[in-house]
Amino acid sequence: MNFMETFAAKWNGFTEKVKPAAEKVRTFTGKAGSLMTRAWNCTVRLKKVLLAIPVCVGTVVLALRNMRQLPATVGLNLQTDGTFAIQIARELAVLGPVAVTALCLLLMFASKRTLTPWLVSMFSLALPLLIWVINVYPA
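Note that the structure is predicted; figures quoted are calculated from it, not measured.

The rules behind the values
Residues numbered from 1 in each chain as written. Predicted model: local features only at pLDDT ≥ 70, side-chain atom pairs only at ≥ 80, totals over all residues. Heavy atoms only, no water. Patch = residues over 30% accessible without salt bridge, like charges linked within 9 Å, V, L, I, M, F, W, Y side chains within 5 Å. Areas by Shrake-Rupley, 256 points an atom, 1.4 Å probe, with all protein chains shown as cover. Salt bridge = Lys/Arg side-chain N within 4 Å of Asp/Glu carboxyl O. Helix = DSSP H or I, 4+ residues; strand = E, 2+ residues; numbered from the N terminus. Buried < 20%, exposed > 50% of the residue type's maximum accessible area, 1.4 Å probe, protein only. Lys, Arg positive; Asp, Glu negative; His and termini not counted. Contact = heavy atoms within 4.5 Å. Arc of directions from axis to C-beta. Core = buried A, V, L, I, M, F, W, Y, C linked by side-chain atoms within 4.5 Å. Phe/Tyr/Trp six-rings, centres within 6.5 Å; stacked < 30°, edge-to-face > 60°. Lys NZ or Arg CZ within 6 Å of the ring centre and 35° of its normal. Axes fitted to C-alpha atoms, helices over the stretch in contact; angles between N-to-C directions. Parallel < 35°, antiparallel > 145°, perpendicular 65-115°, else oblique. Nonpolar A, V, L, I, M, F, W, Y, C, P; charged D, E, K, R; others polar. Pairing = 2+ DSSP bridges.

S.K.: Can you break down a nonpolar patch on the surface residue by residue, with the values?
M.R.: Residues Leu46, Val49, Leu50, Ile53, Val57, Val61 and Phe109 make up a contiguous nonpolar surface patch of about 610 Å² in total accessible area. At five residues, helix α2 (residues 47-69) tops the list of elements feeding residues into the nonpolar patch. The topology assignment puts Leu50 in helix α2.

S.K.: Could you give me a rundown of the side chain of Arg65, with the residues and numbers involved?
M.R.: As for its position among the elements, Arg65 is in helix α2. One buried charged side chain, Arg65, makes no salt bridge at all; its nearest oppositely charged neighbour is Glu91, positioned 15 Å away. When residues no more than four places from it in sequence are discounted, the contact partners of Arg65 are Pro128, Leu129 and Trp132.

S.K.: Run through the environment of Tyr137, naming residues and quoting values.
M.R.: Tracing the sequence through the fold places Tyr137 in the segment after α5 (126-136). According to the relative accessible area criterion, Tyr137 is exposed, its value standing at 56%. Put simply, Tyr137 and Gly96 are 41 residues apart on the chain and 20 Å apart in space, counted from C-alpha to C-alpha.

S.K.: Tell me what's going on with helix α4 (residues 115-123), and back it up with residues and numbers.
M.R.: At 3.6 residues per turn, the α-helix brings residues three or four places apart onto the same side. Buried within α4 we find Pro117, Trp118 and Ser121. All buried residues of α4 lie within an arc of 105° about the axis, which places them on one face of the element. What points out from α4, more than 90 degrees from its buried face, is the exposed set Thr116 and Phe123. Those residues of α4 that are buried lie in contact with α2 and α3 (90-110).

S.K.: Break down the environment of Ile134 for me, citing the residues and quoting the values.
M.R.: Mapped onto the elements, Ile134 comes out in helix α5. In sequence terms Ile134 and Pro20 are 114 residues apart; their C-alpha atoms lie 70 Å from each other.

S.K.: I'd like a description of the side chain of Ser121, backed by residues and values.
M.R.: Tracing the sequence through the fold places Ser121 in helix α4. When near neighbours in sequence (up to four residues on either side) are disregarded, Ser121 contacts Val55, Thr101, Cys104 and Leu105.

S.K.: Pulling in residues and values, what's your account of the nonpolar core?
M.R.: Ala63, Leu70, Val74, Ile88, Ala93, Val94, Ile131 and Trp132 together form the largest nonpolar core, which totals eight residues. Those elements giving two or more residues to this core turn out to be α3 and α5.

S.K.: I'd love a proper account of α5, names of residues and values included.
M.R.: Within α5, burial applies to Pro128, Ile131, Trp132 and Asn135. Across the axial projection of α5, the buried residues extend over an arc of 100°, all falling on one side.

S.K.: Lay out the packing of aromatic side chains in plain terms, naming residues and giving numbers.
M.R.: Within the structure shown, the criterion is met by zero aromatic pairs. The cationic tip of Arg65 hangs over the ring face of Trp132; the distance from NZ or CZ to the ring centre is 4.5 Å.

S.K.: If you had to explain the packing of α3 against α4 to someone new, which residues and values would you point to?
M.R.: With their axes 8 Å apart at the nearest point, α3 and α4 run at an angle of 170° to one another. Judged by the inter-axis angle, α3 sits roughly antiparallel to α4. Facing α3, whose interface residues are Thr101, Cys104, Leu105, Leu107 and Met108, α4 presents Pro117, Trp118, Val120 and Ser121. Residue composition of the contact of α3 with α4, grouped by class: seven nonpolar, two polar and no charged.

S.K.: Which residues make up the pairing of strand β1 (residues 73-78), and what values do they have?
M.R.: Pairing geometry for β1 and strand β2 (residues 84-89), over five bridges, is antiparallel. Note on β2: the bridge partner recorded for Val74 is Ile88. Counting the residues in the hairpin turn of β1 and β2 gives five residues, including Gly82, whose phi is positive at 95°.

Right, dumping it as structure tokens:
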């Protein structure tokens, strides 16, 4: 018997011993792949909801912080002499950016393309921060 025949005989014996374990692995990977495919399909279907959750949480957190830290009357449009051109109530200054973010999310849910309106809603989260900075640290 030459080397190749010996190797082939040993290989066939090895494959016969490994077949049950290989079948179990094949079954497991098939089930795991099926589970991963179903999870991915569910994620794709719920993409808009999953993207909206952090924006909603950020909006609520920033609104609560601004409600607590802004003065009773909030100034907008800071002039060069340090005065504000427009004075509004704190509630309006807090609920205005919330309404803008809600509108952006509504447009995201109505749009075929999800990412662009979602990015606009993410940038709308800068409005409460901007109002807070303008009123807490005036020129």
